[in-house]
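These are the residues of each chain, in order.
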Amino acid sequence: PPPPLPPAASAAERASDDHSVATIVMAQRDRLRARCDALEAERDSFKRELQVQVASSESLKADNTKLYEKVRYLQNFAGKGGGGG
């Protein structure tokens, strides 16, 4: 036989239960919103840091290219016997 059904809840009990569930759901929503805000702030921070690092990388690459060109020039200059003696 099926389990016995619980007695019918009164309208006041149902309203109280609905209020409790709503309170729980709203608290969960608020926690998730706060977590989402924190994650978005962290993401924005990472984006800024990435932009800084990319700019730094591009600057270093340009510096390396200039230095390499200078080294090649000096090697060619020295190779042609430019160091008179």
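The structure displayed is predicted, hence computed values, not measured ones.

Conventions we followed
- Residues numbered from 1 in each chain as written.
- Predicted model: local features only at pLDDT ≥ 70, side-chain atom pairs only at ≥ 80, totals over all residues.
- Heavy atoms only, no water.
- Helix = DSSP H or I, 4+ residues; strand = E, 2+ residues; numbered from the N terminus.
- Buried < 20%, exposed > 50% of the residue type's maximum accessible area, 1.4 Å probe, protein only.
- Areas by Shrake-Rupley, 256 points an atom, 1.4 Å probe, with all protein chains shown as cover.
- Salt bridge = Lys/Arg side-chain N within 4 Å of Asp/Glu carboxyl O.
- Patch = residues over 30% accessible without salt bridge, like charges linked within 9 Å, V, L, I, M, F, W, Y side chains within 5 Å.

A. Representation of the overall build of the protein chain in the model. Across its full length, the protein chain holds one helix and zero strands. Taking all 85 residues of the protein chain together, 0% fall into the buried category. Carbon and sulfur atoms provide 61% of the accessible area of the protein chain, an area that totals close to 7900 Å².

B. Summary view of the pattern of salt bridges. All chains considered together, the criterion is met by two salt bridges. Ionic pairing is found between R29 and D30, a salt bridge with its closest N-O pair at 3.1 Å. When its relative accessible area of 36% is taken as the criterion, R29 is described as partly exposed.

C. Looking closely at a nonpolar patch on the surface. A cluster of nonpolar residues, Y73, L74 and F77, forms a patch on the protein surface that exposes about 360 Å² of accessible area. Turning to its location among the elements, Y73 is positioned in helix 1 (residues 11-79). Overall, Y73 belongs to the exposed group, its relative accessible area being 54%.

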